[in-house]
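Read off the chains here:
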Amino acid sequence: MMESALTARDRVGVQDFVLLENFTSEAAFIENLRKRFKENLIYTYIGSVLVSVNPYKDLEIYTKNHMERYRGVNFYEVSPHIYAVADNSYRSMRTERKDQCILISGESGAGKTEASKKILQYYAFTCPASEQVQTIKDRLLQSNPVLEAFGNAKTLRNDNSSRFGKYMDIQFDFKGAPVGGHIINYLLEKSRVVHQNHGERNFHIFYQLIEGGEEDLLRALGLERNPQQYQYLVKGNCPKVSSINDRSDWKMVRKALTVIGFNEDEVEELLNIIASVLHLGNVQYGGEEGNVCITSDTQIKYLARLMSPLNLEQASSARDALSKAVYGRTFTWLVNKINASLTYTDDSHKNYSVIGLLDIYGFEVFQHNSFEQFCINYCNEKLQQLFIELTLKSEQEEYEAEGITWEPEKFKGIISILDEECLRPGDASDLTFLEKLEDTVGGHAHFVTHKLADAKTRKVMGRDEFRLLHYAGEVNYNVNGFLDKNNDLLFRNLKEVMCMSENKILNQCFDREELSDKKRPETAATQFKASLAKLMEILMSKEPSYIRCIKPNDSKQAGRFDEVLIRHQVKYLGLMENLRVRRAGFAYRRRYEVFLQRYKSLCPDTWPNWQGKLADGVATLVKHLGYKPEEYKLGRSKIFIRFPKTLFATEELMICAQCFHHRHKFKPFLSFLFLSPIAIQAWWRGILARRRAQRRRQAADTIRRFIKGFIYRHRERCPENEYFLDYVRYSFLMKLHRNLPKNVLDKSWPTPPAALAEASEHLRKLCMQNMVWSYCKKISPEWKHQMEQKMIASELFKDKKDNYPQSVPKLFVSTRLNGEDINPKVVQALGSEKMKYAVPVTKYDRKGYKARPRQLLLTANSAVIIEETKLKQRIDYGALKGISVSSLSDGLFVLHVSSDDNKQKGDVVLQSDHVIETLTKIAICSDKINSININQGSITFTVGQGKEGIIDFTPGSELLVAKAKNGHLSVVSLLNLPHSQSDGFSKLKAEM
């Protein structure tokens, strides 16, 4: 219970901020957060509001046992937890038959999405279920990975940031079982489809498809397994994130789509749309001004026809607008499809109860704030206003405390002014919108621009910015792009093309009725404003619960508490305001039976049992304890205590009584207990003084033992030094625990004391073996194959060939030639032979050394040299005597063939741009790893009929291959490059 944790408040703070003595102090508020965070207590109450701090690590507090612990238990009988909020809402819905809602708020990275997941998991586990109900439970849970894939992205602040707002209704039948659901989405950040800031990514689904999609699927979609090939995925320069496993997430999304009820045709059409957005982003334009045409290889004739009258900027904008429209409408279709699968279809019980979950973007302040941040912060203003109104309403209903007012800040006119500029004829622009704002709302105390500001403010404001004073602080908004983003228009002819699509999803997304509607569509801000108004109506009709999420630091580190960042969030979440509202009345409230049961032993008239009315018993108890009239009030069923110190004093008396009970017999305890509170306090002070004296004696004894142990530290273990030696060992092991190597390449290891040198070495080896085992366990078959090839390349070429270091960071590919690069006649000639590797090469004739373009194909049995449609030469691996290559940075190599093979005319001289990769592949396929010779200066090879040729290698400033006057083939190789790349694979091999 909360009361039982009060005595530990010096270490872990109070479980409810309402019990803070100095409740108006922000410093005391944050210090209480810090104490609890350091003890991994991430949940704290403000009355019924839950404050949650993201731990950035897994905590063992979400097990099934924890769920059972919170099921059906009174809100304050267990420690603060998200399960307590979930269970309290559920029980209120069942007992009061009134719809509930849980509002989750906080900035990106604070843990809002995870909080909503935990609530869904709690209901899935604790609510009654049947086979039909279990299907709905599964679909509710599986909707999360699908919506995260299509609506979440990696941002600078959060690797899994929701880029849309979500309100989900969970519908329960009369038995309390979840039987349906409905999701409403708000303001998807469509601009992310075409642009990402540096260090950020597009929506997860694009990377999941590319990394996890099967080869056949990617081939059918025309995609490559490389996000760097797509313009919409390279702008953030962040294709991979260490904390995200796109391949694993892809499998989860595919499974979730099946569970939700997508058939194969729908999945195929959905992925076709995602792939089409990537291809659309790669469409490039060229030509003269006013007559732009598509210049990229893939000719899209109808797009070319439609976009020809546009200039380059207009054409690119039209392309991006189409991409955003396609993705945005597809996301809406996806949400509707999920809703269809969650629809409650049982007509026998049409009435159901609802618990709503609101997971919506938090207040955002960036270095550059645009239209999206304006809409998000407008949404937070509305929610903050609602939060305060409902909190006041709840307080007034409970103890009718009046005189507390809240005047919400409002921004009248900005959206309507923006719409007017978007709709008016003439040359409207972002700057004319700013000028109109200055003329219309320039006199408002919470609005300022560069033109209206004082000299000091002008230094930090751009001429194209306006500043609003929000409840959470000041924000500067840059007006550039406001009109375009608010219009969110798509050319009519592009809509017509989408309506003609054979893709059923696109047909549903782009309705033909939309084309026949002559009215201009509503602007983005107006639509968002209207949807927020509907959301407010929904929330006002329900009993609210609140979860306020806090991000402890910007670096996503476990255990780090950034006070400046947290103070900012405490401010803009309005937590101090909420606490002041709560404390404007009474800090603590309990039902009579609970209060009397806990503290009845402190009064002789109420011990052991009170026989009269509960209210009279509580009145008798508090009178005996000496409560002053201004410290408490008695309601119809509860006692309200105004000051935390009153409760703390009562709790300390309770602890005192319990301590005495364990030390003496029952009768002396009663006679002592019924003394005045002053006598009990004096006795308790004596106990505390004796404890302090004992702690001092123990401290002095510890210091003496430590000093004596240090003096005798070099002797064999004895009573004089055993404490010191044990401390040294313990300190080393704790230091080792905190500073273990991070990976197999990390050679750091704390220096051990002499007595632990041997044990330390055993531990170091065990640690390394464990890390290597863990690393190997995580390696995928593809990456294992890559590493095997790289290690062979390291054995063959490290410190032997100059251009080897440049090949180390580049991954080997399965082939350098795609299916369309190889003539079908060649494929037919190969028959059943499976091609393992193919690469374009240059072949040098034996006579005259003329360079000729060829293709080198490796199969299981032979190396084949191709000239367009002909198989020019096949070298069986059994006839391959060896391979020669120079030590310089050129790409020439010689395949030496056996003279006994009548099919061969002599050795083959080839050149490859990927010589390290090519020779490694040949060595593996032919099993000739030990037959590669790296030569200094020259290579001798057989020309044919007993004749020999010579290749001379010399370093130079540029690559040159030509026949020399002496008849040799002369190769001038680039000068030796600095070995800037370390051979990471060799290091890894050494560790393993």
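Whatever comes next refers back to the structure up there.
The rules behind these values
Residue numbers here run from 1 along each chain, matching the order of that chain's written sequence. Only residues with pLDDT of 70 or above have their local features reported here, since the model is predicted, and side-chain atom pairs are shown and tallied only from 80 upward, although totals for entire chains, interfaces and linings are computed over all residues. Hydrogens and water are ignored here; the side-chain numbers use all heavy atoms of the structure. Elements are defined by DSSP. Helices are runs of H or I of four residues or more, strands are runs of E of two residues or more, and each kind is numbered from the N terminus. A simple rule labels every residue: compare its accessible area, found with a 1.4 Å probe on the protein chains alone, to the largest value its type can have, and call it buried under 20%, exposed over 50%, or partly exposed in between. By definition, residues are in contact when any of their heavy atoms lie within 4.5 Å. Calculation of accessible area relied on Shrake-Rupley with a 1.4 Å probe; when residues are assessed, cover is drawn exclusively from the protein chains displayed. The term salt bridge refers to a pairing of a side-chain nitrogen on Lys or Arg with a carboxyl oxygen on Asp or Glu at a separation within 4 Å. Only buried residues count toward a nonpolar core, which is a set of Ala, Val, Leu, Ile, Met, Phe, Trp, Tyr and Cys residues joined through side-chain atoms within 4.5 Å. Aromatic pairing here means that ring centres of Phe, Tyr or Trp (its six-membered ring) are within 6.5 Å. Orientation follows from the plane angle: under 30 degrees is stacked, over 60 is edge-to-face, and everything else is tilted.

Asks: Got a sec to walk through the overall build of the chain? Specific residues and values, please.
Replies: Of regular secondary structure, the chain possesses 36 helices and 29 strands. Taken over 992 residues, the chain has a buried fraction of 50%. Here the contacts in the chain between residues at least 6 apart in sequence split such that 62% fall between residues at least 24 apart. Within the structure as shown, the chain displays about 49900 Å² of accessible surface, and the carbon and sulfur contribution to it stands at 50%.

Asks: Give a detailed account of the pattern of salt bridges, specifying residues and quantitative values.
Replies: Tallying each qualifying case throughout the model produces 37 salt bridges. In this structure, Lys551 engages Glu107 in a salt bridge whose closest nitrogen and oxygen atoms are separated by 2.9 Å. With a gap of 444 residues between them, Lys551 in the loop between strand 14 (543-550) and helix 23 (563-572) and Glu107 in the loop between strand 3 (100-105) and helix 5 (112-126) connect regions that are remote in the sequence. With respect to class, Lys551 is no different from Glu107; both count as buried. Its salt-bridge partner being Lys436, residue Glu420 comes within 3.0 Å of it at the nearest N-O pair. Placement of the pair is Glu420 in helix 15 (residues 414-423) and Lys436 in helix 16 (residues 430-441), with a sequence separation of 16 residues. Classification of Lys436 as partly exposed rests on a relative accessible area of 27%. Taken together, the salt bridges that share partners define one network made up of Glu26, Glu31, Arg34, Glu563 and Arg567.

Asks: Which residues make up the nonpolar core, and what values do they have?
Replies: Counting 84 residues, the largest nonpolar core has Tyr123, Phe150 and Phe206 as the members making the most contacts within it. By size, the runner-up hydrophobic cluster in this structure holds 83 residues, among which are Val51, Tyr378, Leu468 and Leu625.

Asks: Describe the packing of aromatic side chains, listing the residues and the values that go with them.
Replies: With the rule as written, the count across this model stands at 26 aromatic pairs. Ring geometry for Phe203 and Tyr327: centres 5.0 Å apart, planes at 15°, overall stacked. Taken as a pair, Phe203 in the loop between strand 7 (178-186) and helix 7 (204-212) and Tyr327 in helix 13 (residues 312-342) lie far apart in primary sequence, 124 residues in all. For Phe203, a relative accessible area of 0% puts it in the buried group. Note on Phe374 and Phe466: the rings are 6.4 Å apart at their centroids and 75° apart in plane angle, and the pair reads as edge-to-face. Remark: Phe466 occurs in strand 12 (residues 465-470) and Phe374 occurs in helix 14 (residues 371-399); sequence separation between them is 92 residues. No difference in accessibility class separates Phe374 from Phe466, as the two residues are buried. Each residue in the set Tyr62, Tyr70, Tyr83, Tyr90, Tyr122, Tyr123 and Phe172 is aromatic and connected to the rest through ring pairs, giving one cluster.

Asks: Can you break down the environment of Cys101 residue by residue, with the values?
Replies: Mapped onto the elements, Cys101 comes out in strand 3. Classification of Cys101 as buried rests on a relative accessible area of 0%. Along the backbone, Cys101 and Leu539 are 438 residues apart, and their C-alpha atoms lie at a distance of 6.8 Å. Here Cys101 is in contact with Gly356, Leu539, Lys542, Glu543, Pro544 and Ser545, once residues within four sequence places are set aside.

Asks: A description of unusual backbone geometry should follow, citing residues and the corresponding values.
Replies: Cis rather than trans, the peptide bond between Trp607 and Pro608 has omega equal to -5°. Along the chain, the position of Pro608 falls in the loop between helix 25 (592-599) and helix 26 (614-625). The phi angle at Asn237 is positive, at roughly 55°, despite the residue not being glycine. Within the element layout of this structure, Asn237 appears in the loop between helix 9 (231-234) and helix 10 (246-260). Notably, Asp927 is not glycine yet its phi reads approximately 55°, a positive angle.

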